[in-house]
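Each chain, written out:
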Amino acid sequence: MTTAKSKRLYRKAIELIPGGVNSPVRAFKSVGGLPIFIKTAKGSKIYDVDDNEYIDYVLSWGPMILGHSHPVVVESLKSTIENGTSYGAPTPIEIKLAELIIKAYPSIEKIRMVNSGTEATMSAIRVSRGFTRKDKIIKFEGCYHGHADGLLVEAGSGTATFGIPGSAGVPESYARDTLVVPFNDIDTFKSVIQKEWKSIACVIVEPVAGNIGCVLPMPGFLETLREETQKYGIVLIFDEVMTGFRVSYGGAQAYYGVRPDITCLGKIIGGGFPVGAYGGLREIMSMVAPEGPVYQAGTLSGNPIAMTAGVETLKILSKRDTYKRLERTMQYLEEGLKDAAEGNDVKTRFYRAGSMFCTYFTARDVVDYETAKRADTEKFSRFFMAMLKSGINLAPSQFEAGFISIAHTKADIDKTINAAYNALGEI
Ligand code: HOZ
């Protein structure tokens with residue numbers, strides 16, 4: 001297997017783009033390799049510029065739940081593109097997408113489309129502040145809500161991958177209004193809220209912490225967030241950018257049975273195009289301009305290409321057996337990966353919510369950021385590289401989740417399990 005062309009491109013990219021990449025984790029820095037440059041993708045596979053084939057478990061970090069280049073999505077995009085790519089004006093297709101989302105998420109009565117998950121969370125917080133007329137927010141250690149100032153405090157994703165506690169360039173005054181509590185720590189959460197509730201506008205959480213791997217909420221955690229925020233008149237925001245339409249059609253809120261006041265979405269609802277959305281109770285969303293005084297805008301918001309890809313993706317996902325199929329495939333992969341670790345006597349912990357998952361190289365349970373950080377990242381890196389050489393594309397960080405799509409076949413999973421067995425034997 002050669003990656004000579006990728007190496008050449010990386011040398012060029014690094015001269016022109018910070019770190020040679022347009023998003024930090026892609027640089028492969030934490031796994032000690034050089035990034036592969038992608039040429040094409042189809043179904044469960046991606047192909048690099050050196051024509052190597054990989055079974056893909058990154059899936060553009062989640063959105064490609066139908067697999068890459070799904071024929072139905074591609075066909076509808078062709079006709080959309082022929083009619084123009086952006087108008088900066090309302091279109092029928094954005095109403096269709098709003099309808100589909102609102103139908104799937106009873107907690108959402110009104111929704112605003114934006115261009116990324118970062119914009120969605122940033123705007124949801126602004127609306128919460130406008131609605132409650134309070135400034136402080138509570139977030140949880142290791143939860144990543146995009147890269148807006150004030151949210152880059154003890155964040156996951158790239159900051160977890162590179163061990164950066166916060167980001168340079170964020171004024172202290174912004175971070176001061178962000179109170180941070182360990183994920184799954186009900187007692188600390190309650191004591192912070194009891195002390196500070198008068199100044200807290202909102203609580204924002206990833207219901208499944210997917211930017212430090214895949215950390216599941218413990219029984220009672222999300223329920224407590226709901227009860228306490230309701231008690232004190234604080235807005236509860238679920239950042240479902242990753243979990244929305246992923247862990248179930250109704251997201252984590254349907255999966256765990258807890259309804260937030262605002263939901264942030266992204267990834268899957270754009271079917272692989274840049275998109276985000278935030279929506280919630282009518283009362284809160286009516287605060288958004290031009291209906292209300294909270295300003296938020298965007299030239300490409302509701303872009304017809306992204307809306308079309310989103311609508312077509314959701315239509316396919318809403319078919320009866322889609323999530324059952326994903327569940328069967330995921331169960332098979334879970335069993336195989338666990339057996340491969342046990343068979344090689346490598347201590348791991350495997351977690352998943354629906355079809356998002358993570359294998360941690362640790363013998364101890366992972367319940368929050370602290371316990372996730374105890375995972376052996378050296379071992380993960382060796383595993384990652386061995387898997388890549390066998391044609392399996394995992395996320396290049398111990399602190400990112402993996403995903404499967406409806407295009408992943410039994411043969412794909414068998415090949416993956418076999419590769420994992422050998423890789424775990426090597427490391
Ligand atoms: N923060 C993203 C995953 N959680 C990474 C996005 C990317 O590198 O494309």
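The residue numbers shown here count from 1 along each chain, following its written sequence. Reporting in this predicted model follows two pLDDT cut-offs: at least 70 for local features of residues, and 80 or more for side-chain atom pairs to be given and counted; totals over whole chains, interfaces and linings ignore these cut-offs and use all residues. Side-chain numbers come from the whole structure's heavy atoms, not from hydrogens or water.

A. Region of interest: a positive patch on the surface. Residues with no salt bridge and a relative accessible area higher than 30% make up the patches, which join like charges within 9 Å and nonpolar side chains (Val, Leu, Ile, Met, Phe, Trp, Tyr) within 5 Å. A 1.4 Å probe and the Shrake-Rupley method give the accessible areas. Residues count as covered only by the protein chains that appear here. Here, a salt bridge means any side-chain nitrogen of Lys or Arg that lies within 4 Å of a carboxyl oxygen of Asp or Glu. The charge count treats Lys and Arg as positive and Asp and Glu as negative. His and the chain ends do not count. Where a charge lies is defined by one atom per residue type, namely NZ (Lys), CZ (Arg), CG (Asp) and CD (Glu). A cluster of like positive charges, contributed by Lys5, Lys7, Arg8 and Arg11, occupies part of the molecular surface. On the accessibility criterion, Arg11 (53% relative accessible area) is exposed. The buried label goes to any residue with under 20% of its type's maximum accessible area, the exposed label to any with over 50%, and the partly exposed label to all in between, with areas taken from a 1.4 Å probe on protein chains only.

B. Main features of the pairing of strand S9 (residues 262–266). Burial within S9 is extensive, with 5 of its 5 residues counted as buried. Neither face of S9 is left uncovered, since the one carrying Ile262, Cys264 and Gly266 and the one carrying Thr263 and Leu265 both have all their residues buried. At least two bridges found by DSSP between two strands is the condition for calling them paired. Numbering of helices and strands runs from the N terminus, with a helix taken as a DSSP run of H or I at least four residues long and a strand as a DSSP run of E at least two residues long. Where strand S8 (residues 235–239) and S9 come together, 3 bridges link them in parallel fashion. Residue pairing for S9: Asp239 is matched across the bridge by Cys264. With the strands aimed away from the viewer, a crossover counts as right-handed if its path from the first strand over the helix to the second runs clockwise. At this point the chain moves from S8, through helix H9 (residues 251–256), to the parallel S9, and the crossover so formed is right-handed.

C. Structural context of helix H3 (residues 92–104). A helix is expected to span 1.5 Å for every residue after the first. Relative to the 18 Å expected for 13 residues at 1.5 Å per residue, H3 spans 19 Å between its end C-alpha atoms, a close match to the ideal helical length. Contacts: residue pairs with any heavy atoms within 4.5 Å of one another. Tucked inside the fold, the buried residues of H3 contact strand S4 (110–114), S9 and helix H11 (304–317).

D. Broad picture of the side chain of His408. Within the secondary structure, His408 is located in the loop between strand S14 (402–403) and helix H15 (410–426). Polar contacts, as counted here, are pairs of nitrogen or oxygen atoms within 3.5 Å of one another; within protein the pair requires one atom able to donate a hydrogen and one able to accept it, and residues that are adjacent in sequence qualify only if both atoms are side-chain atoms. One polar contact links His408 to Ser405, side chain to side chain, over a distance of 2.9 Å. Look past the residues within four positions of His408 in its chain and what remains in contact with it is Ser44, Ile55, Asp56, Tyr57, Leu59, Thr329 and Ile413.

E. Spotlight on the sheet that holds strand S13 (residues 392–393). In space, the 4 strands of this open sheet follow the order S1-S2-S3-S13, with mixed pairing throughout. Bordering the open sheet on either side are strand S1 (38–42) and S13, each of which pairs with just one other strand. Inspection of the sheet shows S1 paired to strand S2 (residues 45–48) by 4 bridges, in the antiparallel sense. Its bridge partner lying in S2, Lys42 is registered against Lys45.

F. Local environment of the nonpolar core. Put simply, buried Ala, Val, Leu, Ile, Met, Phe, Trp, Tyr and Cys residues joined by side-chain atoms within 4.5 Å make one nonpolar core. Membership of the largest hydrophobic core comes to 61 residues, with the highest contact counts inside it found for Tyr57, Ile101, Phe245, Leu265 and Leu333. Counting residues per element, the ones that place at least two in this core are strand S3 (53–56), helix H2 (71–82), H3, S4, H11, helix H12 (322–343), helix H14 (377–389) and H15. With sequence-adjacent residues up to four places away left out, Ile101 is seen in contact with Ile108, Ile111, Met113, Phe245, Leu265, Ile269 and Leu314. Listed in part, the 42 residues of the second largest apolar core include Cys143, Val215, Ile234 and Leu236.

G. Examining the packing of aromatic side chains more closely. In this scheme Phe, Tyr and Trp rings, the latter by its six-membered ring, pair at centre separations within 6.5 Å, and the angle between planes marks the pair as stacked below 30 degrees, edge-to-face above 60, and tilted otherwise. In total, this model carries 16 aromatic pairs according to the counting rule given. Pairing Tyr57 with Phe357 gives two aromatic rings, centres 6.2 Å apart and planes at 80°, and the pair type is edge-to-face. Residue Tyr57 is found in the loop between S3 and H2, and its partner Phe357 is found in strand S12 (residues 356–360); the two are separated by 300 residues along the sequence. Assessed through its relative accessible area of 6%, Phe357 is described here as buried. On the numbers, 4.9 Å between centres and 80° between planes, the contact of Phe245 with Tyr249 is edge-to-face. We count a charge as sitting over a ring when the NZ of a lysine or the CZ of an arginine lies within 6 Å of the ring centre and within 35 degrees of the ring normal. Sitting over the ring of Tyr369, Lys373 keeps its end group 4.3 Å from the ring centre.

H. Up close: the packing of H12 against H15. Helix axes are fitted to C-alpha atoms over the stretch in contact, other axes to C-alpha atoms as well, and angles between N-to-C directions run from 0 to 180 degrees. Two numbers describe how H12 lies on H15: the axes approach to 9 Å, and their chain directions differ by 15°. Between H12 and H15, the interaxial angle falls into the category roughly parallel. Once H12 is placed against H15, the crossing between them reads as right-handed. Side by side, H12 and H15 meet where Thr329, Tyr332, Leu333, Gly336, Leu337, Asp339, Ala340, Ala341 and Gly343 of the first sit next to Lys410, Ile413, Asp414, Thr416, Ile417, Ala420, Tyr421 and Leu424 of the second. Each angle is binned into one of four classes, with values under 35 degrees roughly parallel, values over 145 roughly antiparallel, values of 65 to 115 roughly perpendicular, and all other values oblique. Crossings are sorted by hand: turned counterclockwise from the far helix by less than a right angle, the near helix makes the crossing left-handed, and turned clockwise it makes it right-handed.

I. Spotlight on the sheet that holds S14. Ordered by their spatial adjacency, 3 strands build an open sheet running S11-S12-S14, and the pairing between neighbours is antiparallel. For this open sheet the edge positions go to strand S11 (349–353) and S14, each flanked by a neighbour on one side alone. In the sheet, S12 pairs with S14 via 2 bridges, with the strands oriented antiparallel. For Phe357, the partnering residue across the bridge sits in S14 and is Gly402. Against the sheet, H12 contacts S11 and S12, and its axis sits at roughly 175° relative to S11.

J. Representation of the environment of Val235. Turning to its location among the elements, Val235 is positioned in strand S8. Assessed through its relative accessible area of 3%, Val235 is described here as buried. Expressed as a C-alpha distance, the spacing of Val235 and Ser128, which sit 107 residues apart in the sequence, is 6.2 Å. If we skip the residues at most four places from it in the chain, Val235 touches Ser128, Phe131, Thr132, Ala201, Cys202, Val203, Asp261, Ile262 and Ile284.

K. Main features of the pattern of salt bridges. Under the criterion given, the structure shown has 15 salt bridges. Among the salt bridges present, the one from Lys39 reaches Asp51, with a minimum N-O distance of 2.8 Å. Of the two residues, Lys39 is situated in strand S1 and Asp51 in the loop between S2 and S3; the sequence distance between them amounts to 12 residues. The partly exposed category is assigned to Lys39, whose relative accessible area is 48%. Close ionic contact of Lys231 with Glu228 constitutes a salt bridge, the shortest N to O distance being 3.2 Å. Of this pair, Lys231 and Glu228 both sit in helix H8 (residues 221–232), separated by 3 residues, roughly a single helical turn. Taking relative accessible area as the criterion, Lys231 reaches 55% and is therefore assigned exposed.

L. The environment of Gly88, seen in detail. Along the polypeptide, Gly88 turns up in the loop between H2 and H3. Counting along the chain gives 216 residues from Gly88 to Pro304, while the straight-line C-alpha distance between them is 9.6 Å.

M. Region of interest: the pairing of strand S5 (residues 136–140). The element S5 is largely enclosed, with a buried count of 4 among its 5 residues. Judged from the 3 bridges that link them, S5 and strand S7 (residues 200–205) form a sheet pairing that is parallel. Bridged to Lys136 within S7 is Ile200. The pairing of S5 with strand S6 (residues 178–181) spans 4 bridges and is parallel. Paired with Ile138 across the bridge in S6 is Leu179.

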